[in-house]
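Spelled out, the chains give:
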Amino acid sequence: MQQKLLTFLIAALASGAALAAPKTAAPTVAEAERFVAEAEARLKQLEINAARADWVYQTFITDDTEAITAQAGEQKLTAAGELALKARRFKGLKLPEATARKLKLMQLTLMLSDAGDREAFTRLSAGLNGAYGKAKYCPKLADGSTGPCMPLGQLEKILAESRDPARLKEVWLGWHQQAPAYKDRYVEYTALSNKGAREMGFADTGALWRSLYDMPPAAFEAEMERLWQQVKPLYDSLHTYTRYKLRQNYGADVVPATGPIPAHLFGNMWSQSWNNLYPMLKPAASKDTYDLSQTLAARKTSAVDMTKYAERFYTSLGMETLPPTFWDRSLLTKPQDREVACHASAWPLDGQLDVRIKMCITPTAEDFRTIHHELGHIYYFLAYRKQPFLFQNGANDGFHEAIGDTVALSITPDYLKQVGLKEGAVDAGDDIGPLLDRALGKVAFLPFAYLVDKWRWDVYSGKTKPADFDKTWWALREQVQGVKRPAPMTEGGFDAGAKYHVAADTPYARYFLATMLQFQFHRALCREAGYVGPLNRCSIYGNKKAGDKLQAMLAMGASKPWQEALKAVSGEDKIDGQALLEYFAPLKVWLDEQNKQLAAQTK
Ligand code: X8Z
Ligand code: ZN
């Protein structure tokens, strides 16, 4: 307490806040409203500047663009910290709801009172993002020379397509070897971030992150655990089934009968989605040999066409067409002449119609899903653009991640047929095939989405020291996800840093929440559309009634606690795994039956 008060006073003095606010005059409602209006105008301008600088940086990574984005980020951070401290003055004052909420939101930020710290922090932040974006694996050839260097996209393609375990292992290790180069910077960065969180009165940055959900941070942590336990039995069934199939395919030497499974075998760099294993895992009885990736590749579907398919889904719900500047200014394919950060992202550049996607699109089913995901962000931006600046955000970050995925749940075999992306008849009796494919994306993802921030919370709290980064990372991955490192850990390793969101310091609990939320949204919107029947066959494509319901929630932005936004769309006020479990219920029965039979066969 003492320590907190002291840091507050130092910070307040450094920012000039204590000098600016006369101690005697009690704050008034009018003053609070004036303060909020001025703060919003100032933050908005700085946000636009920072977004522009960052866009240029991430689509053209150079030392110069890095310096420019760091500088713009620093200006934003300076103002955010200063205003957050000043906002404290109105604590306890009875205010209109919206003003009180804006003051609360303004205080959920880092505050670094020292200019040198701010400069170092924003430089490290930009540098880490760039380092991840530029990283490449350059294989050593037998003659001692170095082979052509491979960026992440190329390595991911090999993991998706090759079934040679030695090659998979090489590629997996090749990518994970890159992260130690920025481990020291990450350590320095997290220390500064913690300093900023503490100056603002939070225990550490993890505590700040857990404070972003309209509930006490400890309650949020308990919710995460409750949700994971709720869906864990379904994950366990999928993991068991996958192990049998991997063992059949790779043999008992590669895949152990019990314990964690080597991480390089799941068709994905982080074993976070297993869709690429579908051909190996698909039900023997399924006649459906349909492969969307094959169709998209064979037709040489362009990045623009992929995006247009997604746009048409949203407009079929009654939403607006994308503004012309979206098409002029987005980056949809990987440029060959410069370094870019390929990790897909959606950008609100001016809080109005200047919205953009940055993504290195290839004609695959995975990118088809991802472009629907990204447009979910874009349509959220567009829907809440009429809100005041501080409410131009998702109800919480899990909502933002869930919108596009909700829409993508409506990409059913029927829908693909309807838009001409599926040839041949849809087998109405075959639910298990498509459900399994969906589970390989969604259910397989749950433990990974749960554990990334579980690991980071301990890093931020200091419980995990830098020397133990890999030890604690792999303890979680083994215990929660049931996957293991394909080779022993190395001294100074930084495997968590081989994931974009760790290097770029983007919170990850949002994706775990989004996975729950999207099934709640899907169920609610299907009901709104008047659909009765199994949730996995429902597509809201073309349904304006469902679209209006969704749009109404999107338009609320962050103006109300997320519980109200959830209520508006689904009538529920808790994030819950029940809708997801209901969606996959037929698959759970099937998996458990398969596992029983496979166990009997291997006795
Ligand atoms: O990062 C993303 C999106 C951008 S918000 C492409 N996702 C997570 C990931 O790639 O790890 C979407 C699913 C999870
Ligand atoms: Zn996203």
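Right above here is the structure, for reference.
Presented here is an overview of the structure given in this document.

Definitions and limits used
Residues numbered from 1 in each chain as written. Chains lettered and ligands numbered in written order. Predicted model: local features only at pLDDT ≥ 70, side-chain atom pairs only at ≥ 80, totals over all residues. Heavy atoms only, no water. Near = heavy atom within 4 Å. Polar contact = N/O pair within 3.5 Å; in protein donor to acceptor, adjacent residues only side chain to side chain. Areas by Shrake-Rupley, 256 points an atom, 1.4 Å probe, with all protein chains shown as cover. Helix = DSSP H or I, 4+ residues; strand = E, 2+ residues; numbered from the N terminus. Nonpolar A, V, L, I, M, F, W, Y, C, P; charged D, E, K, R; others polar. Disulfide = S-S within 2.5 Å. Buried < 20%, exposed > 50% of the residue type's maximum accessible area, 1.4 Å probe, protein only. Salt bridge = Lys/Arg side-chain N within 4 Å of Asp/Glu carboxyl O. Donors = N, O, S within 2.8 Å, 3.2 Å for Na, K, Ca; no water. Tetrahedral: all angles 85-135°; square planar, octahedral: opposite > 155°, others 65-115°. Pairing = 2+ DSSP bridges.

The next subject is the site of ligand 1. Every residue lining ligand 1 is accounted for by Q272, H343, A344, H373, E374, H377, E401, F445, K499, H501, Y508 and Y511. In this structure, an oxygen atom belonging to ligand 1 sits 2.7 Å away from a side-chain N or O atom of K499. The side chain of H501 places a nitrogen or oxygen atom 2.9 Å from an oxygen atom of ligand 1. Relative to its unbound accessible area of 370 Å², ligand 1 is 81% covered by the protein chains. Among the elements that take part in the shell around ligand 1, helix 16 (residues 365-383) stands out by supplying three residues, more than any other. Classifying every residue of the shell around ligand 1 by side-chain character gives four nonpolar, five polar and three charged.

This part takes up the state of the cysteines. By the definition in use, this model includes three disulfides. Here C342 is linked by a disulfide to C360, with a sulfur-sulfur distance of 2.0 Å. With the S-S bond torsion at -85°, the cross-link from C342 to C360 turns out left-handed. You can see C342 sitting in the loop between helix 15 (324-329) and strand 4 (345-348) and its partner C360 sitting in the loop between strand 5 (355-358) and helix 16, a full 18 residues away along the chain. Residue C342 is classed as partly exposed on the basis of its relative accessible area of 28%. Here C360 falls in the buried class, since its relative accessible area comes to 16%. If one numbers only the bonded cysteines of the chain, in the order they occur, the disulfide pattern is 1-2, 3-4, 5-6.

Attention shifts here to the pattern of salt bridges. Throughout the structure, instances matching the rule amount to 33 salt bridges. R456 is paired through a salt bridge with D453; the nearest N and O atoms lie 2.7 Å apart. Here R456 and its partner D453 are both found in helix 20 (residues 445-461), three residues apart, which amounts to about one turn of the helix. Both residues of the pair, R456 and D453, count as buried. Residues joined by salt bridges that share partners form a network here, namely R101, K104 and D214.

Turning our attention to unusual backbone geometry. Positive phi is not limited to glycine here, since K300 has a value of about 50°. In this structure, D505 takes a positive phi of about 55° despite not being glycine. Along the chain, D505 turns up in the loop between helix 22 (500-503) and helix 23 (509-528).

Turning our eyes to something else, we now look at the coordination of the zinc ion (ligand 2). Summarising the metal site, the zinc ion (ligand 2) is bound by the protein donors H373 (NE2), H377 (NE2) and E401 (OE), whose distances to it range over 2.0 Å. Angles of 91 to 129° at the metal separate the four donor atoms of the zinc ion (ligand 2), which places the site in the tetrahedral class.

Looking now at the pairing of strand 5. The side-chain alternation of strand 5 yields two buried faces, one formed by V355 and I357 and the other by R356 and K358. Connecting the antiparallel pair strand 4 and strand 5 is a turn made up of six residues, with G351 showing a positive phi of about 70°.

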